[in-house]
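Next come the chains, spelled out residue by residue.
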Amino acid sequence: MQSFAYAAPETVEQVIAVLQEHSQAGKPAQILAGGTDLLVQIRSVDGSARTIVDVKKLPETNRLEIGASEIYVGAAIPGAVLTANTDLKARLPGLVEAIDLIGSTQIQGRASLGGNLCNASPAGDTIPALIANAGRCQIAGPAGTRELPVEEFVTGVGTNALGEGELLLGICFTPPAARTSDAYLRFIPRTEMDIAVAGAGVSVTLDEKGICTAARVSICAVAPTVLLVPAAADALIGTSLDDEALAAAGAACTAASSPISDKRGTAEYRRKVVAVLCKRAAGIAAERARGSH
Amino acid sequence: MSRTHVTTTVNGERREFLCEPQQSLLDVLRDELQLTGTKEGCATGDCGACSVMLDDRLVCSCLVLGVEAEAKSIDTIEGIATDEGLHPLQEKFLEHAALQCGVCTPGFIVAAKALLDQNPDPDEQQIRYWLAGNLCRCTGYDKIIRAVQDAAQTMRGEAS
C-alpha cells in the first residue's frame, strides 16, 4: 500500500527528478508551497497517500527581485512577505492588493502567489492581477525552463499547464512603463475572509495628455477560468477613460462572462457586478497611473 | 509507515520528535510534545484556534506539516507567560472576561501578541482585521477587542 512521504529537495533538478520518478512509477506526487490549499484538500477532499514535494527550499522559488528591467516573484514566497514589500507595492499595487485580500493573517503567513495560481480556482484573487500585469510563468521541467503567459497557464477549474516533471519557479513582469498602473477589485458579501463573487484586474498606460495607450483587463469568478478580456481593453485604449469608455469596458466584461449560479451569487448578478468592478478598477488604475511617472 | 526525525526549537528550547509525513504541526505539538495549549478547531485554516508563530510569523499549525518544522523556531501559547507571571494579554483577557469556553483563546492571544509585537498601538479596525482569522463562537468579539486594546495600553506603559 502506498504511504505518505515527504521530500524537500534543495535544487530544481532534484525536484524534477522526484516528480519524474514518481510519474514513471505511477506513484502520486504533489507539490507543496504554503499548503493552505493542499493540506485542506488532503484532509477534506482526497486523503489518498502521496509524496509531498516541498518546493520552499529552492532559491528560485524564494527569489524576489524588483529590478529596472525585470520584476521576478518566486512562486513560494508567502503573501505576508509580498504585502510588506513597499517596492513591489509601489510598482504593482493592484497585484499586492489582490494578494492582501486572500485569507487571514495566519493564511497570509503561508499562502504563496505561485500556489494561488497553480491551485487554479476560477475565483483565485491574484490571477486577474497577474494577467492584467502580463505576468509570465517561469516553468522548470525535464526539457529545461520555459515561459508561459499567465492567461495560458490555467487550463480549467483546478487544472494548470504544468506537465510531467514540471514546477512553477516564479512569475516575471516587465516593470510598468511611465504613467502605467494597475488595480484589482473583487466583490464579497462580507468585509473580510471570503471568496470572490466576481473580480476584475485592470492595468492601464496613459500618455501625457491622459489618453489611454495600453490596457489589459482580466476578470475572475465569472467563467471556468480567469479570463483576459481584450474587448474590454480595446474599449479603453484611445480614450480619456471617460464614463462612456468605462461603461463600454464593463459591458465587454459582461459579454465575456459565462458564470454559474451558486450560493455566492446568481449568474445574472455576476454578469452585472463584473462590469461595475471593471469600471471601478479601471478608474483606480487610471488615478494611480496619473500619479506615477 | 516511516516516521521522520525532526529537530526543532519550541518556545526557545530544542525539541526532537518523530512524525509521519502527513501529520500536522498541530498534531505533533499536541500528541508528540504534549503541548496541548494549542487547540484544534476546524483543521482547515479557517478558525485560528491553532495559531502559533513559525519563525516569527503567525500561521495556523493545522496547515503546517510536522516535518516542515525541521530547523525552525516555533512559539506557542505555552511560551507566552514568564516566570514573573502572565503576559498582559492573558491578564486583560481574564479581566475583561474575553473568553467563555476558552477553545479559541490560545489562538487569539498568540495572534494578538504577534500584532502588538509589530504594532504597539493598533486602532480598533486594525485589531479587527488582524484577528479576522480567529473565530470565537461565544463572546461576540467586543470583549476580546477591548482586552487587546487594554493590553496594548498597558504594554505601552500607559495607565488604563
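### Observations concerning the packing of helix H3 (residues 105-118) of chain B against helix H5 (residues 142-155) of chain B
Residues and elements named next belong to chain B.
Thinking step 1. Packing of H3 against H5 brings their axes to within 11 Å, and their N-to-C directions diverge by 45°. With respect to H5, the element H3 is oriented oblique. Taken as a pair, H3 and H5 cross one another with a handedness that is right-handed. The segment H3 lies against H5, with Phe108, Ala112 and Leu116 engaging Ile144, Val148, Ala151, Ala152 and Met155.

### A few points about the pairing of strand E3 (residues 51-54) of chain A
Regular strands place their side chains on alternate faces of the sheet.
Residues and elements named next belong to chain A.
Thinking step 1. Alternating positions in E3 separate into two faces, Thr51 and Val53 on one and Ile52 and Asp54 on the other, with burial throughout.
Thinking step 2. With 3 bridges connecting them, strand E1 (residues 5-7) and E3 associate as parallel partners. Of the residues in E3, the one forming a bridge with Ala5 is Thr51.
Thinking step 3. As paired strands, strand E2 (residues 29-32) and E3 are joined by 4 bridges and run parallel to one another. Its bridge partner being in E3, Ile31 is matched across the sheet by Val53.
Thinking step 4. Between E2 and its parallel partner E3, the chain crosses via helix H2 (residues 38-44), and the hand of that crossover is right-handed.

### Brief notes about the domain arrangement of chain A
All names here are of chain A.
Thinking step 1. Once the domains are mapped, chain A shows domain 1 (5-54), domain 2 (59-173) and domain 3 (180-291).
Thinking step 2. For domain 1 and domain 2, the distance between their C-alpha centroids amounts to 19 Å.
Thinking step 3. Of the residues forming the side of domain 1 that touches domain 2, the biggest block, 6 residues, is contributed by helix H1 (residues 12-25).
Thinking step 4. By residue class, the composition of the side of domain 1 that touches domain 2 is 6 nonpolar, 5 polar and 1 charged.

### Remarks on the domain arrangement of chain B
Residues and elements named next belong to chain B.
Thinking step 1. According to the domain assignment, chain B contains domain 1 (4-79) and domain 2 (88-155).
Thinking step 2. For domain 1 and domain 2, the distance between their C-alpha centres works out to 21 Å.
Thinking step 3. At 3 residues, the largest contribution of residues to the side of domain 1 that touches domain 2 is made by strand E3 (residues 51-54).

### Quick notes on the pairing of strand E7 (residues 144-149) of chain A
Residue and element names in this part refer to chain A.
Thinking step 1. Burial of E7 is sparse: only 0 of the 6 residues sit out of reach of the surface.
Thinking step 2. Pairing of strand E6 (residues 136-141) with E7 involves 6 bridges; the strand directions are antiparallel. Bridge pairing in E7 links Ile139 to Arg146.
Thinking step 3. If you look at the hairpin formed by E6 and E7, you'll find 2 residues sitting between the two strands.

### Examining the environment of Ser2(B)
Thinking step 1. Mapping Ser2(B) onto the fold places it in the segment before strand E1 (4-10).
Thinking step 2. Sequence separation of Ser2(B) and Pro21(B) is 19 residues, and the distance between their C-alpha atoms is 8.2 Å.

### Looking at the nonpolar core
All names here are of chain A.
Thinking step 1. Membership of the largest hydrophobic core comes to 142 residues, with the highest contact counts inside it found for Val217, Ile219, Cys253 and Cys278.
Thinking step 2. In terms of residue count, the dominant contributor to this core is helix H13 (residues 267-291) (11 residues).
Thinking step 3. The residues touching Cys253, leaving out its near neighbours within four places in the chain, are Ala200, Val217, Ile219, Val229, Ala232, Val274, Ala275 and Cys278.

### Re helix H1 (residues 25-32) of chain B
Residue and element names in this part refer to chain B.
Thinking step 1. Leu25, Leu26, Val28 and Leu29 are the residues of H1 that are buried. When H1 is viewed along its axis, its buried side chains cluster within an angular range of 170° and face the same direction.
Thinking step 2. Buried residues along H1 sit in contact with strand E2 (13-19).
Thinking step 3. Where H1 ends, the next residue or the one after it, Gln34, has phi of about 55°, a positive value.

Rules used throughout
- Residues numbered from 1 in each chain as written.
- Chains lettered and ligands numbered in written order.
- Predicted model: local features only at pLDDT ≥ 70, side-chain atom pairs only at ≥ 80, totals over all residues.
- Axes fitted to C-alpha atoms, helices over the stretch in contact; angles between N-to-C directions.
- Helix = DSSP H or I, 4+ residues; strand = E, 2+ residues; numbered from the N terminus.
- Parallel < 35°, antiparallel > 145°, perpendicular 65-115°, else oblique.
- Left-handed = near helix turned anticlockwise from the far one by under 90°.
- Contact = placed C-beta atoms within 7 Å.
- Buried ≥ 20, exposed ≤ 12 C-beta atoms within 10 Å, placed from the backbone.
- Pairing = 2+ DSSP bridges.
- Right-handed = clockwise from strand over helix to strand, strands pointing away.
- Domains from an automatic or database assignment.
- Nonpolar A, V, L, I, M, F, W, Y, C, P; charged D, E, K, R; others polar.
- Core = buried A, V, L, I, M, F, W, Y, C linked by C-beta atoms within 7 Å.
- Arc of directions from axis to C-beta.

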